[in-house]
Amino acid sequence: MENKDHKFAPPLYVTGQKCFICGSVYSYGNVQTCPKCGIEGILDVCYDYDEIKKHLTPATLLSRKFDHWRYKELLPVPDDIQLPHLHVGWSPVYDVPRLASHLGIKKLWIKDDGRNPTNSFKDRASSVGVLKAIEFGFSTIACASTGNAASSLAGLSAAVGLQSFIFVPQRAPEPKITQLLVFGATVLKVQGTYENAFDLCREACEKFGWYNRNSGTNPFLVEGKKTAGLEIAEQCANDLPDWVVVSVGDGCTIGGIGKGLQEMKRLGFIGRVPRLLGVQAEGARAMVNAFKSGTDLIPTETNTIADSIAVGTPRNWRRAIGQIKQSHGEMITVSDEEILEAMKSTARFGGVFGEPAGVTAAAGLKRALETKIISPNESALVIVTGNGLKDIQSAKQAVGDPISLPPTMAALTAVLSSRKTN
Ligand SMILES: *Cc1c(COP(=O)(O)O)cnc(C)c1O
């Protein structure tokens, strides 16, 4: 690695890392969780906002590139580090009136994060993760995952020239493993469960000196995810939605988006923060349970087609629930049937094809309108977090088979007239 021996100056505006449980603040550096509170002690990166306010203004943003590095003052990244060349962030926000009227809401936007380089929201986090590995002097990065975190890590590692090791459980789906192999990751298929793969990855990072891109707990990854909130504030500044709707697994995505929106309010870009609606699958509802009961999180079994949010032990629940409450938001669950229905309606009325976890927020919006959490006179922005081509198996459950016919006009005419009478 060309960067290996270079010493980077610490990010200009980071003041430290603060534990969500005990409140201890640690000076900036390679700490992943609070040494006093252990794995539960998630750290929050703190910034000098007064100083940032002088440098990050609507005027300075005018001349910057339209990707998520445009908010560099609010990211824990050294000023002199080479950024990955892949285009991450600044995903489009679409006004979707046909989907709005289908669902019965006055105004609706989709922010399509399936448009990121490896086709999911996770690229926001991995792009920061690979820079942290380089900054802290690692040439190898690892994670345990079967899904989008893994493919985005493999893709971003390829872009910056890091070696990547991905631990996947026995039952990982073939297409996702193939995406990892194409990007050149070393894929280690562990004969066991996801938890076995997770533990082996952690031990391997310690033993071999690899950087751990641990999705749930690494404090810097959330900072990458928060850029979606920063973007929403800038892209929707003139017509801010009443609600921002997000699917929830570990809680880093919604917690990060909430932090990003709060920061943009603090810096004067927006006057208020939209309410956050967090949506989980019924078969993976640990966070919703904790939100409703007000107690600490109790892990659950998981059973849902939305594999990217099938998380039994969400790691970042304190951050997520804190942000949702601060925004006067809500949490709900949706069934797999509602998710499959949302996959069709988001594509057919909005023109955006999302994977199951990618459209879970859209399913949640429908449920929230039905249960009157959201009123038809309000407006909402739904984030589609992953592209539908990632999981063709589930998509096929939502739609029927194509019409098969011989290559003749007679056959076509017969098919079309039989459809009319149906
Ligand atoms: C990871 C993921 C989520 C949820 O993000 P968390 O930070 O785990 O809450 C939602 N949708 C997709 C497509 C994902 O890959």
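The text that follows walks through the structure, step by step, so that each part is easy to find. On a predicted model such as this, the values are computed, not experimentally measured, just so you know.

Some thoughts on the state of the cysteines
Applying the stated criterion across every chain, the model contains zero disulfides. For the unlinked cysteine C143, the closest cysteine sulfur is that of C201, found at 6.5 Å. C143 gets classed as buried once you look at its relative accessible area, which sits at 0%. Looking at C205, it has no disulfide partner, and the nearest cysteine sulfur is the one in C201, 4.3 Å off. Taking the relative accessible area as the measure of exposure, C205 reaches 8% and is therefore buried.

Notes on the site of the ligand
Near the ligand you find 16 residues, and of these K122, D250, G251, T253 and T385 are the closest. In this structure, an oxygen atom belonging to the ligand sits 2.8 Å away from a side-chain N or O atom of N148. In the environment of the ligand, an oxygen atom lies 3.1 Å from a nitrogen or oxygen atom belonging to the backbone of C252. Protein coverage of the free-state accessible area of the ligand, which is 380 Å², stands at 97%. Among the residues making up the shell around the ligand, the classes are represented as four nonpolar, eight polar and four charged.

So, the pattern of salt bridges
Applying the stated criterion across every chain yields a total of 21 salt bridges. In this structure, E263 engages K226 in a salt bridge whose closest nitrogen and oxygen atoms are separated by 3.1 Å. In this pair, E263 sits in helix α10 (residues 252-266) while K226 sits in the loop between α8 (219-225) and α9 (227-235), placing the two residues 37 residues apart along the sequence. Of the two residues, E263 and K226, neither departs from the other in class, the shared state being buried. Salt bridges here are not isolated pairs; linked through shared partners, they connect D44, E223, K226, K259, E263 and R319.

Points about α9
Burial analysis of α9 places seven of its nine residues in the buried class, the great majority of the element. When α9 is considered as a whole, its buried residues turn out to be T227, A228, G229, L230, E231, I232 and A233. Looking at the buried side of α9, the elements it contacts are β5 (107-112), α4 (123-135), α8, β10 (243-247), α10 and β13 (379-384).

Structural notes on the packing of aromatic side chains
Within the structure shown, the criterion is met by nine aromatic pairs. Taking 6.1 Å as the distance between ring centres and 70° as the angle between the ring planes, the aromatic pair formed by Y28 and F220 counts as edge-to-face. Highlighted residues: Y28 in the loop between β2 (25-26) and β3 (43-47) and F220 in helix α8, separated in sequence by 192 residues. For F220, a relative accessible area of 1% translates into the label buried. Arranged with centres 6.3 Å apart and planes meeting at 50°, the rings of F136 and Y211 form a pair that is tilted. Remark: Y211 occurs in strand β9 (residues 211-212) and F136 occurs in the loop between α4 and β6 (140-144); sequence separation between them is 75 residues. The ring centre of Y71 lies 5.9 Å from the NZ or CZ of R70, which sits over that ring.

A closer look at helix α12 (residues 317-326)
Restricting attention to buried positions, one finds in α12 the residues W317, R319, A320, I321, Q323 and I324. Note on α12: the residue one or two positions beyond its end, H328, has a positive phi of about 60°.

Observations concerning the sheet that holds strand β1 (residues 14-19)
The strand order across the open sheet built from three strands is β2-β1-β3, with neighbouring strands paired in antiparallel fashion. Across the chains shown, the open sheet's two edge strands, defined by having one partner strand only, are β2 and β3.

Procedures and definitions
Residue positions are given per chain, counted from 1 along the sequence in the order it is written. Local features are withheld for residues below a pLDDT of 70 in this predicted model, meaning they are given only at 70 or higher, and side-chain atom pairs are given and counted only at 80 or more; totals for whole chains, interfaces and linings count all residues. Just so you know, side-chain values use all the structure's heavy atoms and leave hydrogens and water out. Cysteine sulfur atoms that pair up within 2.5 Å are treated as a disulfide. Exposure is judged per residue with a 1.4 Å probe applied to protein chains only, and the accessible area is read against the type maximum: over 50% gives exposed, under 20% gives buried, and values in between give partly exposed. Throughout, the term near means that a residue has one or more heavy atoms lying within 4 Å of the molecule or strand in question. N or O atoms within 3.5 Å of each other form a polar contact, as long as, within protein, one can give a hydrogen and the other can take it, and as long as residues adjacent in sequence are counted only when both atoms are side-chain atoms. Only the protein chains shown count as cover for residues, and the accessible areas themselves come from Shrake-Rupley with a 1.4 Å probe. Polar here means any residue other than Ala, Val, Leu, Ile, Met, Phe, Trp, Tyr, Cys and Pro, which are nonpolar, and Asp, Glu, Lys and Arg, which are charged; Gly is therefore polar. What makes a salt bridge here is a side-chain nitrogen of Lys or Arg within 4 Å of a carboxyl oxygen of Asp or Glu, nothing more. By the criteria applied, helices consist of DSSP H or I runs no shorter than four residues and strands consist of E runs no shorter than two, each listed in order from the N terminus. Working rule for contacts: check all heavy atoms of both residues, and any pair within 4.5 Å makes them a contact. Stacked, edge-to-face and tilted labels apply to pairs of Phe, Tyr and Trp rings (six-membered ring for Trp) whose centres lie within 6.5 Å, assigned for plane angles under 30 degrees, over 60, and everything in between, in that order. We count a charge as sitting over a ring when the NZ of a lysine or the CZ of an arginine lies within 6 Å of the ring centre and within 35 degrees of the ring normal. Strand pairing requires that DSSP identify at least two bridges connecting the strands.

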